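# Commentary on secondary and tertiary structure
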Amino acid sequence: MTEVINLSDEELVKGFERGNQRCFNALIDRHKQKIFSFIFLMVRQQELAEDIFQDAFLKVHHSIKNGKYAESGKFVSWVMRISHNLIIDYFRKQKHLPMVYNEDYAGDLLNNSKLSDNSIEDKMVFDEVLQNVSSLVDLLPDSQREVVKMRHYMGMSFKEIAEETNVSINTALGRMRYAILNMRKLMEEKKISLTI
């Protein structure tokens, strides 16, 4: 039998549908870092991110077991969508957005091997730019913030964003345009420089 680690996502899903739990475990191991990082970037709380991560994979488990998985070739996007919906549900229940202090999480954003050759000063400047961008995104209206995060944190296309948010592609593009304009205006008001 082929080692599960060498199977594609679709083959692992089919294996799990046939009752092989190792296939499901392999899917989690393969994608846990990406999914958890996405959730953490959205909620900025370790425990909450862990809870939503668990809930997402419980939902994935039940959906596959009940034959409700039909996202051929798009397993990660499907799990991201489930996670995103769970995050939205959580904040709707809270009826307010949490207070976020970007300086508490900047170190995690810099955990990137591409920065290893930079000097400490370069890293500090880059850290400050990331903090500034993150704080600007947090100040955007909900619909604009959502499009920015889906596009730049999740890597979704505007077509996928339009489908996920139930709007037209033009509306999604418009929200991104207004988000950029609003971020520029906020930069001027707060005298923030994003130069590296």
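Overview of the structure. Per chain, the residues get numbers from 1 upward, laid out in the order the sequence is written. Selection of residues for local features in this predicted model requires a pLDDT of at least 70, selection of side-chain atom pairs for listing and counting requires 80 or more, and totals for whole chains, interfaces and linings are taken over all residues. As a rule here, side-chain values cover all heavy atoms of the structure and leave hydrogens and water aside.

## Structural notes on the overall build of the protein
Rules: Think of it this way: any DSSP run of H or I at least four residues long counts as a helix, any run of E at least two long counts as a strand, and we number them from the N terminus. Using a 1.4 Å probe on the protein chains alone, a residue whose accessible area is under 20% of its type maximum counts as buried, one over 50% counts as exposed, and one in between counts as partly exposed. For this analysis, residues touch if any pair of their heavy atoms sits within 4.5 Å. Each accessible area value is a Shrake-Rupley result obtained with a 1.4 Å probe; residue values ignore everything except the protein chains displayed when judging cover.
Within the protein, the secondary structure is distributed over nine helices and zero strands. When the helices and strands of the protein are read in sequence order from the N terminus, they spell out α-α-α-α-α-α-α-α-α. Expressed as a percentage of the 196 residues in the protein, the buried residues total 37%. Put simply, 57% of the contacts in the protein that link residues at least 6 apart link residues at least 24 apart. As presented, the protein carries roughly 12300 Å² of accessible surface, and 49% of it is formed by carbon and sulfur atoms.

## Digging into the nonpolar core
Soluble globular proteins: nonpolar side chains tend toward being buried together. Short version of the rule: Throughout this description, the term nonpolar core refers to a set of buried Ala, Val, Leu, Ile, Met, Phe, Trp, Tyr and Cys residues connected via side-chain atoms within 4.5 Å.
With 50 residues, the main nonpolar core has Ile-39, Val-43, Val-60 and Phe-75 as its most contacted residues. Every element with two or more residues in this core is listed here: α1 (9–17), α2 (21–43), α3 (46–65), α4 (75–94), α6 (120–138), α7 (142–153), α8 (158–165) and α9 (169–190). The leading source of residues in this core is α2, at ten residues. Those residues in contact with Ile-39 that lie beyond four places of it in its chain are Ala-49, Ile-52, Phe-53, Ser-83 and Ile-87.

## Overview of the packing of aromatic side chains
Applicable threshold: We call Phe, Tyr and Trp rings a pair once their centres come within 6.5 Å, taking the six-membered ring for Trp, and we label the pair stacked below 30 degrees between planes, edge-to-face above 60, and tilted otherwise. Consider the ring centre and the ring normal. A charge sits over the ring if Lys NZ or Arg CZ is within 6 Å of that centre and within 35 degrees of that normal.
One pass over the full model with this rule turns up nine aromatic pairs. Arranged with centres 5.0 Å apart and planes meeting at 55°, the rings of Phe-53 and Phe-57 form a pair that is tilted. Remark: Phe-57 and Phe-53 occur in helix α3; sequence separation between them is four residues, near one turn of the helix. Judged by its relative accessible area of 15%, Phe-53 falls in the buried class. Within the aromatic cluster, the residues linked to one another by ring pairs are Phe-16, Phe-24, Phe-36, Phe-40, Phe-53 and Phe-57. The aromatic ring of Phe-16 is capped on one face by Lys-65, whose charged end is 4.6 Å from the ring centroid. A cation over a ring is seen here: Arg-177 above Tyr-178, with NZ or CZ 5.6 Å from the ring centre.

## Remarks on α4
Definition in use: Multiplying 1.5 Å by the residue count of a helix minus one yields the expected span of that helix.
In this model α4 runs 29 Å from its N-terminal to its C-terminal C-alpha over 20 residues, within 8% of the 28 Å that 1.5 Å per residue would give. Looking at α4, one finds that the buried residues are Phe-75, Val-76, Trp-78, Val-79, Met-80, Ile-82, Ser-83, His-84, Leu-86, Ile-87 and Phe-91. Structurally, α4 contributes buried residues whose contacts are with α1, α2, α3, α7 and α8.

## A closer look at unusual backbone geometry
Although it is not a glycine, Arg-44 adopts a positive phi angle of roughly 60°. Residue placement: Arg-44 occurs in the loop between α2 and α3. With a relative accessible area of 5%, Arg-44 lands in the buried category.

## Re the pattern of salt bridges
Test applied: The salt bridge definition used is simple: a Lys or Arg side-chain nitrogen within 4 Å of an Asp or Glu carboxyl oxygen.
Under the definition given, this model contains five salt bridges. Between Lys-32 and Asp-29 there is a salt bridge whose closest N-O contact spans 3.7 Å. With Lys-32 and Asp-29 both in helix α2 and three residues apart, the pair spans about one turn of that helix. On the basis of relative accessibility, which here comes to 51%, the residue Asp-29 falls in the exposed class. The salt bridge partner of Arg-145 is Asp-142, with a shortest N-O separation of 3.1 Å. With a gap of three residues between them, Arg-145 and Asp-142 both fall in helix α7, about one helical turn apart. Classification of Arg-145 as buried rests on a relative accessible area of 14%.

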